[in-house]
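These are the residues of each chain, in order.
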Amino acid sequence: MRNWLLPEYIEDILPAEALHIETMRRRIIDLLLLHGYQQVFPPLLEYEESLLTGSGSDMSLQMFKVIDQLSGRMMGLRADMTPQVARIDAHLLNCDGITRLCYANSVLHTVPISLTQTREPLQVGAELYGHGGMESDIEIQQLMLACLAIAGLNQVHLDLGHVAVFRGIIKNANISSEMEAELFTVLQAKDISALKEICRKLKQSTREALLLLPELYGGIEILQEAKKRLPSQNEILSAIDQLEWISEELEPIVETVAFDLADLRGYHYHTGMVFAAYARGCSNAIALGGRYDEIGKAFGRARPATGFSMDLRELSRLVEQKSYPKGISAPYNKKDKELNSIIARLRQEGHIVIIELPGQSEVALNCDRRLVMHNGTWNVEQIEFIEN
């Protein structure tokens, strides 16, 4: 194998795409900062057990692991930043009130989530800690939609679900943890035949409710159907009421909203509403989130929490990429104060100015203008390229 080949699903980002992604990142982070979300930079590497608490336990197989040469302990390269941010909130900031944090950095996966995705997503997201009410859920979801819009995606479809519906169904059904895991797997895969086989030994009311869940996908009418046909438990009815309320709040700002009561994404750590955003041209969710109360418990301080994250590399492919901006070529003359002042002014105005180094015979790469002296005055002139 040639020594310059990269591993599968790992790739370089070249200038035009890099600028495209970085422009999105700056806009999103600036928007989050204006909403009071403070940026943090967790380390790429931590001890394994720290990364596998709370939401991280679902990411064990996605994590690259190495031995720490100093301590001999197992360490992991983060596959998700949520547990790291939860640790910062619970252990380092230790605020009693509401904390809003955001982040944007690379994570690493042992295998790609899908055949079209990278193993090095650029994860950007926001987390809100210390508030358990629906108001924080709606803030996070509205903020996610605003981030997608400022990145260039205005037509978004939103799927909403609630893990309390599934939990309410199995709560008093004497279901073992092994069967619960099996049910989780087949519901996520929408494998109806396997679901029927697993439910065969369950009591009729539980079996009928579980078999109904994959059918409960669609518009607002699905929630009315769920109220009629699912068990009338307070936990389930409260979850459906929350979904109705959220959909009314989001209706003015999202293209379409659908409900999926069999969506158990992140079931092992989510405690309430879950959501996923989709856009035309992409079969995968472009943003994911939900409520995960008690996530800080492993770090010594349980806190209600809700948040979202998205992969900027995946998002960048859905938004039209502009051509790399052209620059102005300027001659090398450190002693010409007027020339250097003009270069500084042009850069301050937002122009790219590239100084030609001594011995350079060609116009600087990616320049379509140059600074030229005429009659004692420096002027910016268009470069005339001769086609071969």
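Parameters and conventions
Residues numbered from 1 in each chain as written. Predicted model: local features only at pLDDT ≥ 70, side-chain atom pairs only at ≥ 80, totals over all residues. Heavy atoms only, no water. Pairing = 2+ DSSP bridges. Helix = DSSP H or I, 4+ residues; strand = E, 2+ residues; numbered from the N terminus. Buried < 20%, exposed > 50% of the residue type's maximum accessible area, 1.4 Å probe, protein only. Salt bridge = Lys/Arg side-chain N within 4 Å of Asp/Glu carboxyl O. Axes fitted to C-alpha atoms, helices over the stretch in contact; angles between N-to-C directions. Contact = heavy atoms within 4.5 Å. Domains from an automatic or database assignment. Phe/Tyr/Trp six-rings, centres within 6.5 Å; stacked < 30°, edge-to-face > 60°. Lys NZ or Arg CZ within 6 Å of the ring centre and 35° of its normal. UniProt positions renumbered as here; feature names shortened; annotations may be inferred. Polar contact = N/O pair within 3.5 Å; in protein donor to acceptor, adjacent residues only side chain to side chain. Left-handed = near helix turned anticlockwise from the far one by under 90°. Nonpolar A, V, L, I, M, F, W, Y, C, P; charged D, E, K, R; others polar.

Undergrad: Would you mind showing me how to read the pairing of strand 15 (residues 367-374) here?
TA: Side-chain positions along a regular strand alternate between the two faces of the sheet. Here strand 13 (residues 327-330) runs beside strand 15; their pairing, made up of 3 bridges, is parallel. In the sheet register, serine 329 faces strand 15, and the bridge partner there is arginine 370. The sheet contact formed by strand 15 and strand 16 (residues 377-382) spans 6 bridges and is antiparallel. The residue bridging histidine 374 from the neighbouring strand is threonine 377, located in strand 16.

Undergrad: Looking at this structure, I do not really get unusual backbone geometry. What am I missing?
TA: Glycine aside, negative phi is the norm for most residues, and most peptide bonds take the trans geometry. With phi around 55 degrees, lysine 190 is a residue other than glycine that occupies positive phi space. Structurally, lysine 190 can be placed in the loop between helix 6 (177-189) and helix 7 (192-199). Relative accessible area serves as the criterion here: at 35%, lysine 190 is assigned to the partly exposed category. Phi at asparagine 366 takes a positive value of approximately 70 degrees, unusual for a residue other than glycine. Summarising the element assignment, asparagine 366 is placed in the loop between strand 14 (353-355) and strand 15.

Undergrad: Is there a simple way to think about the pattern of salt bridges in this case?
TA: When charged atoms on two side chains of opposite charge get close, those side chains can pair. By the definition in use, this model includes 23 salt bridges. Here glutamate 46 ties to arginine 87 by a salt bridge, and the two come within 2.8 Å at their closest N and O atoms. Of the two residues, glutamate 46 sits in strand 2 (residues 45-47) while arginine 87 sits in helix 3 (residues 82-93), which places them 41 residues apart along the sequence. The same class applies to glutamate 46 and to arginine 87, which are both buried. With its nearest N and O atoms 3.8 Å apart, the salt bridge here joins arginine 317 to glutamate 314. Residue glutamate 314 is classed as buried on the basis of its relative accessible area of 8%.

Undergrad: Looking at this structure, I do not really get the sheet that holds strand 16. What am I missing?
TA: Strand pairing in a sheet relies on backbone hydrogen bonds. The paired strands run either parallel or antiparallel. With respect to topology, 4 strands assemble into an open sheet ordered 14-13-15-16, the strand pairing being mixed. What marks the edges here is a single partner per strand, and that holds for strand 14 and strand 16. The mean inter-strand angle of the sheet, taken between neighbouring strand axes irrespective of direction, is 30 degrees. Here strand 13 pairs with strand 14 via 3 bridges, running parallel. Directly across from serine 329, in strand 14, lies its bridge partner isoleucine 354. Against the sheet, helix 12 (residues 337-348) touches strand 13, strand 14, strand 15 and strand 16, its axis set at about 145 degrees to strand 14.

Undergrad: Is there a simple way to think about the domain arrangement of the chain in this case?
TA: Put simply, an interface is often sized by how much accessible area is lost when its parts join up. Domain boundaries in the chain define domain 1 (15-318) and domain 2 (327-382). Between domain 1 and domain 2, the C-alpha centre-to-centre distance is 50 Å.

Undergrad: What should I look at first to understand the packing of aromatic side chains in this one?
TA: Think of a pair of aromatic rings as described by two things: how far the centres are apart, and how the planes are tilted against each other in angle. Under the definition given, this model contains 0 aromatic pairs. The lysine or arginine in question, arginine 73, covers the ring of tyrosine 47, its NZ or CZ lying 3.6 Å from the ring centre.

Undergrad: Explain the sheet that holds strand 8 (residues 217-218) to me, please; I cannot follow it from the model alone.
TA: Taken in spatial order, the 9 strands make up an open sheet running 1-5-6-12-11-10-7-9-8, and their pairing is mixed. Bordering the open sheet on either side are strand 1 (38-39) and strand 8, each of which pairs with just one other strand. Where helix 10 (residues 234-250) meets the sheet, it contacts strand 7 (157-162), strand 9 (256-260) and strand 10 (273-278), and its direction lies at approximately 160 degrees from that of strand 7.

Undergrad: Sorry, what's going on with the UniProt feature "binding site: L-histidine" (unreviewed entry) in the chain here?
TA: Here, the residues flagged by UniProt with the feature "binding site: L-histidine" (unreviewed entry) are Asp80, Met81, Thr82, Gln123, Glu127 and Arg265. Among the secondary structure elements, aspartate 80 is positioned in the loop between strand 4 (74-77) and helix 3. A residue is classified by how much of its surface remains accessible, and aspartate 80, at 12% relative accessible area, is buried. At 3.4 Å, the side chain of aspartate 80 and the backbone nitrogen of threonine 82 are in polar contact. Relative to the helices and strands, glutamate 127 is located in strand 6 (residues 122-129). According to the relative accessible area criterion, glutamate 127 is buried, its value standing at 1%. The residues contacting glutamate 127, other than those within four sequence positions of it, are Tyr37, Thr82, Val85, Thr99, Arg100, Leu101, Tyr103, Tyr292, Thr306, Gly307 and Phe308.

Undergrad: For this particular structure, what's the right way to read the packing of helix 1 (residues 15-34) against helix 4 (residues 134-151)?
TA: The packing of two helices is summarised by the inter-axis angle and the distance between the axes. Remark: helix 1 packs on helix 4, axes separated minimally by 9 Å, with the N-to-C direction vectors making an angle of 145 degrees. Here helix 1 runs over helix 4; the crossing is right-handed. Contact residues: Met24, Arg27, Ile28, Leu31 and Leu32 in helix 1; Leu143, Ala146, Cys147, Ile150 and Ala151 in helix 4. The residue inventory of the contact of helix 1 with helix 4, partitioned by class, reads 9 nonpolar, no polar and 1 charged.

Undergrad: Even after reading the chapter, I still don't get the environment of asparagine 284, so can you show me in this structure?
TA: Here asparagine 284 lies in the loop between strand 10 and strand 11 (287-291). In the structure, asparagine 284 is positioned 144 residues away from isoleucine 140 in sequence and 20 Å away in space, judged by C-alpha atoms. Sequence-distant contacts of asparagine 284, that is, excluding residues within four places in its chain, are made with Ser114, Thr116, Gln117, Tyr278 and Glu314. A polar contact is formed between the side chain of asparagine 284 and the side chain of serine 114, at a distance of 3.1 Å.

Undergrad: Any chance you could explain the pairing of strand 7 here in plain terms?
TA: The element strand 7 is largely enclosed, with a buried count of 5 among its 6 residues. Here 4 bridges tie strand 7 to strand 9, and the two strands are oriented parallel to one another. Counterpart to aspartate 159 in the pairing with strand 9 is alanine 258. Note that strand 7 and strand 10 share 6 bridges and pair antiparallel. Residue glycine 161 lies in a different strand from strand 10, and its bridge partner there is valine 274.

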